[in-house]
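# What the coordinates show
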Amino acid sequence: MKRFNPSTQWQPDVFLNPVYATLNALFNIDKQLDWPSCDWLNRFVHATVGGGQTVEFVENAKLADETRYYEAIIYETGQVPTREENWHDSFWCIDLVSISQNQSVTQRTAYARYSAKWLKNQDANA
């Protein structure tokens, strides 16, 4: 079976497809000539996470020393670890901005689940 390998290049022509009309209307993503940066994404954020912090997309490398689970980082700090030049993270960030109210509920649920698991692992390693 052939493995899918996503393009490593930003392809704005993808967004000419009518399926992306809403994204184009909200973000002008079809006009973006390069990968969305965290700064670019942060211009559109008007959301908070379950812990009440404002969402901020942060380059994954800046959080390299972080030991908490992904969900805990977001819930506790509002910082969303974001891989640069990555299709999955680019869409995830745009999605998060688009559906921020629903995402807050999702983050609270994930945080509760992973916090319990993290605490259990910490106790086991103590």
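Let me begin by describing the structure that accompanies this report. Computed from a prediction, not measured in an experiment: that's the story for all the values here. (Residues numbered from 1 in each chain as written. Predicted model: local features only at pLDDT ≥ 70, side-chain atom pairs only at ≥ 80, totals over all residues. Heavy atoms only, no water.)

### Focus on the overall build of the protein chain
Within the protein chain, the regular secondary structure consists of five helices and two strands. Secondary structure of the protein chain in N-to-C order comes out as α-α-β-α-β-α-α. For the protein chain, with 126 residues in total, the buried portion stands at 36%. Put simply, of all contacts in the protein chain between residues at least 6 apart along the chain, 50% involve residues at least 24 apart. Split by element, the accessible area of the protein chain, about 8300 Å² in all, is 51% carbon and sulfur. (Helix = DSSP H or I, 4+ residues; strand = E, 2+ residues; numbered from the N terminus. Buried < 20%, exposed > 50% of the residue type's maximum accessible area, 1.4 Å probe, protein only. Contact = heavy atoms within 4.5 Å. Areas by Shrake-Rupley, 256 points an atom, 1.4 Å probe, with all protein chains shown as cover.)

### Structural notes on the packing of aromatic side chains
Applying the stated criterion across every chain, the model contains eleven aromatic pairs. A ring pair is formed by Phe15 and Phe91, whose centres lie 5.9 Å apart and whose planes are at 35 degrees; its orientation type is tilted. Remark: Phe91 occurs in helix α4 (residues 87-98) and Phe15 occurs in the segment before α1 (21-27); sequence separation between them is 76 residues. Assessed through its relative accessible area of 1%, Phe15 is described here as buried. Taking relative accessible area as the criterion, Phe91 reaches 29% and is therefore assigned partly exposed. Through a chain of ring-to-ring contacts, three or more aromatic side chains come together here, namely Trp10, Phe15, Tyr20, Trp35, Trp87 and Phe91. (Phe/Tyr/Trp six-rings, centres within 6.5 Å; stacked < 30°, edge-to-face > 60°.)

### A look at the nonpolar core
Counting residues in each nonpolar core, the largest one holds 21 residues, and the members touching the most others are Ile29, Val55 and Phe57. Taken together, the elements giving at least two residues each to this core come down to α1, α2 (38-42) and α4. For this core, the element with the most residues is α4, which contributes five residues. When residues no more than four places from it in sequence are discounted, the contact partners of Ile29 are Trp10, Phe15, Leu23, Asn24, Pro36, Trp40 and Ile94. (Core = buried A, V, L, I, M, F, W, Y, C linked by side-chain atoms within 4.5 Å.)

### As for α4
The terminal C-alpha atoms of α4 lie 16 Å apart, and with twelve residues this matches the ideal 16 Å at 1.5 Å per residue to within 8%. When α4 is considered as a whole, its buried residues turn out to be Trp87, Asp89, Ser90, Cys93, Ile94, Leu96 and Val97. The backbone nitrogen of His88 lies 3.0 Å from a side-chain oxygen of the residue at the head of α4, namely Asn86. (Expected span 1.5 Å × (residues − 1). Polar contact = N/O pair within 3.5 Å; in protein donor to acceptor, adjacent residues only side chain to side chain.)

### With respect to the environment of Ala72
Inspection of the secondary structure puts Ala72 in helix α3 (residues 70-77). Judged by relative accessible area, Ala72 falls into the buried class, the value being 8%. Considering only alpha carbons, one finds Ala72 and Arg113, 41 residues apart in sequence, at a separation of 9.7 Å.

### What about the pattern of salt bridges?
Opposite charge on two side chains lets them pair, provided their charged atoms get close. In this structure the tally under the stated criterion is five salt bridges. Of the charged contacts, one joins Glu59 and Lys62 as a salt bridge, the two residues approaching to 3.3 Å between their closest N and O atoms. In this structure, the salt-bridge partner of Arg83 is Asp89, at a minimum N-O distance of 2.7 Å. On the accessibility criterion, Arg83 (39% relative accessible area) is partly exposed. When salt bridges that share partners are traced, they join Glu66, Arg68 and Glu76 into one network. (Salt bridge = Lys/Arg side-chain N within 4 Å of Asp/Glu carboxyl O.)

### Let's talk about unusual backbone geometry
For Asn28, which is not glycine, the phi dihedral falls at a positive 50 degrees. Looking at the element boundaries, Asn28 is found in the loop between α1 and α2. In the Ramachandran plot, Glu85 falls in the positive-phi region, its phi being about 50 degrees despite a non-glycine side chain. With respect to the helices, strands and loops of the structure, Glu85 is situated in the loop between β2 (79-82) and α4. Here Glu85 falls in the exposed class, since its relative accessible area comes to 55%.

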